[in-house]
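Here's the letter readout for the chains.
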Amino acid sequence: MSTSLTVRDIDPADKSWLRREARDVGVSMEELVRRLIHAERNKTEGRAKPSEAFARHFGERHGDELPTRARYRHNPPSFTEDNA
């Protein structure tokens, strides 16, 4: 399956950089772009989600258990004595 992507209005300095990098590596500009996209995708897919980072720092192992969140479209009212 072949997919095409056209990128217009690339800064001439960026295009020159891409051409030099591809030449230095010994691949075509097209192949270099494929490799750059693949590397960036792998980097972002391996990144922890905010909820995972929160659980890692404040979760059960660190003395605080996270409550399960109810599925409301709004925050339920709180009727504590502090509101009097």
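Residues numbered from 1 in each chain as written. Predicted model: local features only at pLDDT ≥ 70, side-chain atom pairs only at ≥ 80, totals over all residues. Heavy atoms only, no water.

## Quick look at the overall build of the protein chain
The number of helices and strands found in the protein chain is three helices and zero strands. Total accessible area on the protein chain stands at roughly 8500 Å², and carbon and sulfur atoms take up 51% of it. (Helix = DSSP H or I, 4+ residues; strand = E, 2+ residues; numbered from the N terminus. Areas by Shrake-Rupley, 256 points an atom, 1.4 Å probe, with all protein chains shown as cover.)

## Quick word on the pattern of salt bridges
What the rule picks out here adds up to five salt bridges. Of the charged contacts in the structure, one is a salt bridge between Arg34 and Glu30, with a shortest N-O distance of 2.7 Å. Of this pair, Arg34 and Glu30 both sit in helix H2 (residues 29-45), four residues apart, which is roughly one turn of that helix. Accessibility expressed as a relative area gives 44% for Arg34, which makes it partly exposed. Judged by its relative accessible area of 54%, Glu30 falls in the exposed class. The residue Glu45 makes a salt bridge to Arg41 at a minimum N-O spacing of 3.5 Å. Of this pair, Glu45 and Arg41 both sit in helix H2, four residues apart, which is roughly one turn of that helix. We classify Glu45 as exposed; its relative accessible area is 56%. A relative accessible area of 42% places Arg41 in the partly exposed class. (Salt bridge = Lys/Arg side-chain N within 4 Å of Asp/Glu carboxyl O. Buried < 20%, exposed > 50% of the residue type's maximum accessible area, 1.4 Å probe, protein only.)

## Looking at the packing of helix H1 (residues 12-25) against H2
Axis separation between H1 and H2 bottoms out at 9 Å; the angle between their running directions is 95°. Between H1 and H2, the angle is such that the two are roughly perpendicular. Touching Lys15, Trp17, Leu18, Arg19, Glu21, Ala22 and Val25 of H1 are Met29, Leu32, Val33, Arg35 and Leu36, all from H2. For the contact of H1 with H2, the residue count by class is eight nonpolar, no polar and four charged. (Axes fitted to C-alpha atoms, helices over the stretch in contact; angles between N-to-C directions. Parallel < 35°, antiparallel > 145°, perpendicular 65-115°, else oblique. Contact = heavy atoms within 4.5 Å. Nonpolar A, V, L, I, M, F, W, Y, C, P; charged D, E, K, R; others polar.)

## Thoughts on the confidence of the model for the protein chain
Put simply, the protein chain has an average pLDDT of 82, and 80% of its residues get 70 or more. Mean pLDDT across the secondary structure elements of the protein chain bottoms out at helix H3 (residues 50-58), with 77, and peaks at H1, with 96. (pLDDT = per-residue confidence, 0-100.)

## Structural notes on unusual backbone geometry
Although it is not a glycine, Asp9 adopts a positive phi angle of roughly 60°. Looking at the secondary structure, you find Asp9 in the segment before H1.

## Concerning a positive patch on the surface
There is a patch of like positive charges on the surface, built from Lys15, Arg19, Arg20 and Arg23. Among the residues examined, Arg23 registers a relative accessible area of 55% and is labelled exposed. (Patch = residues over 30% accessible without salt bridge, like charges linked within 9 Å, V, L, I, M, F, W, Y side chains within 5 Å. Lys, Arg positive; Asp, Glu negative; His and termini not counted. Charge placed at Lys NZ, Arg CZ, Asp CG, Glu CD.)

## What to know about the environment of Ser28
Inspection of the secondary structure assignment puts Ser28 in the loop between H1 and H2. A C-alpha to C-alpha distance of 9.6 Å links Ser28 and Leu18, two positions 10 residues apart in sequence. Within polar-contact distance, the side chain of Ser28 engages the backbone nitrogen of Glu31 at 3.0 Å. (Polar contact = N/O pair within 3.5 Å; in protein donor to acceptor, adjacent residues only side chain to side chain.)

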